[in-house]
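What the coordinates show
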Amino acid sequence: MMKWIKDELYKRETSSLYRSLPSPMIQNLKVIASSNNYLGLAKDKRVINAAKETILKYGTGSSGSRLTTGNFAIHEQLEKELANFKGTESCLLYSSGYLANLGVITTLSNHETIVFSDEYNHASIIDACRLSQAKIIVYKHNNMVDLESKMEKYKNHSKKLIVTDGVFSMDGDLAPLNKLSFLKEKHNALLIVDDAHGTGVIGSSGRGTSEYFSTTPDVIIGTLSKALGSEGGFVCSNNIIINYLIQKSRPFIFQTSLSPGNIGAALKSLHIIQTEKRHVILREKANDLRQFLRKNNYSVPNGVTPIIPIIFGKATMALELQKQLYNDGIFIPAIRPPTVPENTSRLRCTLMSTHSNNDLNLIKEAFQSVAIL
Ligand SMILES: *Cc1c(COP(=O)(O)O)cnc(C)c1O
């Protein structure tokens, strides 16, 4: 009965697509430049203590869905503070960013809906689109001419969504929210932005890509698991859309609400983000490393995020460099097709505001000393 599974596995093992879990030993390396814990808050003593206190007060599990026994004052408080942070009327928590995308896109669409989706959108958006009954139109990455010509063809449809990442996770570039807002107004669509990598990081006070572009999309999706150092997802929007999700969104209705520890941690992180300028320190470190790598003739695109892709093209070269850096005690993963397009294999470096000057010097020295084949 297991034969077909074994056969499939063997096929994978003998191809370059085989995945295995990285050794937990990487946690002991000198420098990890690959974490989503952008502001170091997942290990901040104050955040850890806040999680402990909420666990002591409310317990380890919330033991029910929000619509039954799992609605605590801290859930509502975090929603209020997130809405405030993003400048929207309302907010709704989900168990993860992944499920927030599933919940929003499947609920805000039906068989009459056209969803326009950037070709580089996160897997959770792609899965949400597949699960929805909508017609999916993929447009070229950040290409507004392509998007507009595709929207033009569906001029007479009344239900349209544009869905995009705010920060694209493999290239660290931003979606042009100003232009997308213009197009969505012109074509009477709703704009949904997944700001998983932007929240706490981008914009003058770290509120995300909407702050960077001074525009508020109809729906902003986020995660508590990156800069906020916790776990969980959220949706910020107007009262009508949030109410609609409460009525109809299955990943919201049928899931146990977020556990108290996660909420306590996220609340504390949100306060720290708004009082300390960690995102500014992070931006300076990322700019500095970008400039250094470019001076040393590495191919690094311009950017304003802590995601720094170092492009090599050939997968073998990216893998070899990953190995050499690893031997120097540094973890920066190689990313290959199909995760990224052919001939754009890369090392994907992400910095944290808590990387020390010594950490950064170790990274720089390693890049200077590696032998590029
Ligand atoms: C990480 C990520 C998610 C998933 O968030 P989780 O809370 O980890 O489920 C969704 N969208 C984007 C763009 C992400 O980078």
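Keep in mind it's a predicted model, so treat the numbers as computed, not measured.

Focus on the site of the ligand
- Of all residues adjacent to the ligand, which total 14 residues, the nearest are Gly97, Asp194, His197, Thr223 and Lys226.
- Between an oxygen atom of the ligand and a main-chain N or O atom of Gly97, the distance comes to 2.8 Å.
- His122 places a polar side-chain atom, nitrogen or oxygen, 3.4 Å from a nitrogen atom of the ligand.
- Expressed as a share of its isolated accessible area of 390 Å², the protein-covered part of the ligand is 85%.
- With three residues, helix H4 (residues 97-107) is the single largest residue contributor to the shell around the ligand.
- Residue composition of the shell around the ligand, by class: two nonpolar, nine polar and three charged.

Concerning the sheet that holds strand S9 (residues 307-313)
- Spatial ordering of the open sheet is given by S9-S12-S11, a layout of three strands whose pairing is antiparallel. Single-partner strands in this sheet number two, and they are S9 and strand S11 (334-335).
- Two strands pair when backbone bridges link them, and S9 and strand S12 (residues 345-350) are joined in this way by six bridges, in the antiparallel orientation. Note that in S12 the partner of Ile311 across the bridge is Arg346.
- Where helix H13 (residues 315-327) meets the sheet, its contacts fall on S9, S11 and S12, and the angle it forms with S12 comes to roughly 35°.

Rules and cut-offs
Residues numbered from 1 in each chain as written. Predicted model: local features only at pLDDT ≥ 70, side-chain atom pairs only at ≥ 80, totals over all residues. Heavy atoms only, no water. Near = heavy atom within 4 Å. Polar contact = N/O pair within 3.5 Å; in protein donor to acceptor, adjacent residues only side chain to side chain. Areas by Shrake-Rupley, 256 points an atom, 1.4 Å probe, with all protein chains shown as cover. Helix = DSSP H or I, 4+ residues; strand = E, 2+ residues; numbered from the N terminus. Nonpolar A, V, L, I, M, F, W, Y, C, P; charged D, E, K, R; others polar. Pairing = 2+ DSSP bridges. Contact = heavy atoms within 4.5 Å. Axes fitted to C-alpha atoms, helices over the stretch in contact; angles between N-to-C directions.

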